[in-house]
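Analysis of the macromolecular model
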Amino acid sequence: QVQLVESGGGLVQAGDSLRLSCAASRRTFSSNVMGWFRQAPGKEREFVSGISWSGGNTDYADSVKGRFTISRDNGKNTVYLQMNSLKPEDTAVYYCVAAPTGSPLNGPSTWWNYWGQGTQVTVSS
């Protein structure tokens, strides 16, 4: 069974930080590109960040560059999203995603095979 389980969401104030975690089943995690998407109320899902299997390559949406950092610990089958300097416009449900090795780090939502259930991040002004 393929599983991605996110945690770490919550309610914070603008300027605060949060770290999201995504625990993956071994079958999902090994040799997979991992990433994060988000969906705000009334909006389409949008790419946030992606990371290669080795962790050596990353990509970010322009809206989060310089504020968010993606990382992974292959020994723990976990991917992280460190979010700093949060803004109200970062409010969304955040989804952990996985795709086969060799997939683009910033592919559209339809290219990602596996999705977690999502974790809510709310940033108040």
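Above this text sits the structure in question.
Since this is a predicted model, take the numbers as computed values, not measurements.

This paragraph deals with the sheet that holds strand β7 (residues 68-73). What the four strands build is an open sheet, ordered β1-β3-β8-β7; its pairing is antiparallel. Two strands lie at the open edges of the sheet, namely β1 (4-7) and β7, each paired on one side alone. Neighbouring strand axes in the sheet, compared pairwise and without regard to direction, differ in orientation by 15° on average. Bridge analysis of β1 against strand β3 (residues 18-24) gives four bridges, and the strand direction is antiparallel. Bridge pairing in β3 links leucine 4 to alanine 24.

Phi is positive for asparagine 77, close to 50°, though the residue is something other than glycine. Secondary-structure assignment places asparagine 77 in the loop between β7 and β8 (78-83). Positioned with a positive phi, serine 85 is a non-glycine residue whose angle comes to about 50°. Positionally, serine 85 belongs in the loop between β8 and β9 (92-100).

A separate point is the environment of threonine 122. In this structure, threonine 122 sits in strand β11 (residues 119-124). Residue classification places threonine 122 among the partly exposed residues on the basis of a relative accessible area of 28%. Look past the residues within four positions of threonine 122 in its chain and what remains in contact with it is Gly10, Leu11, Val12 and Thr91. A distance of 3.3 Å separates the side chain of threonine 122 from the side chain of glutamine 120, its partner in a polar contact.

Rules used in this analysis
Residues numbered from 1 in each chain as written. Predicted model: local features only at pLDDT ≥ 70, side-chain atom pairs only at ≥ 80, totals over all residues. Heavy atoms only, no water. Pairing = 2+ DSSP bridges. Helix = DSSP H or I, 4+ residues; strand = E, 2+ residues; numbered from the N terminus. Axes fitted to C-alpha atoms, helices over the stretch in contact; angles between N-to-C directions. Buried < 20%, exposed > 50% of the residue type's maximum accessible area, 1.4 Å probe, protein only. Contact = heavy atoms within 4.5 Å. Polar contact = N/O pair within 3.5 Å; in protein donor to acceptor, adjacent residues only side chain to side chain.

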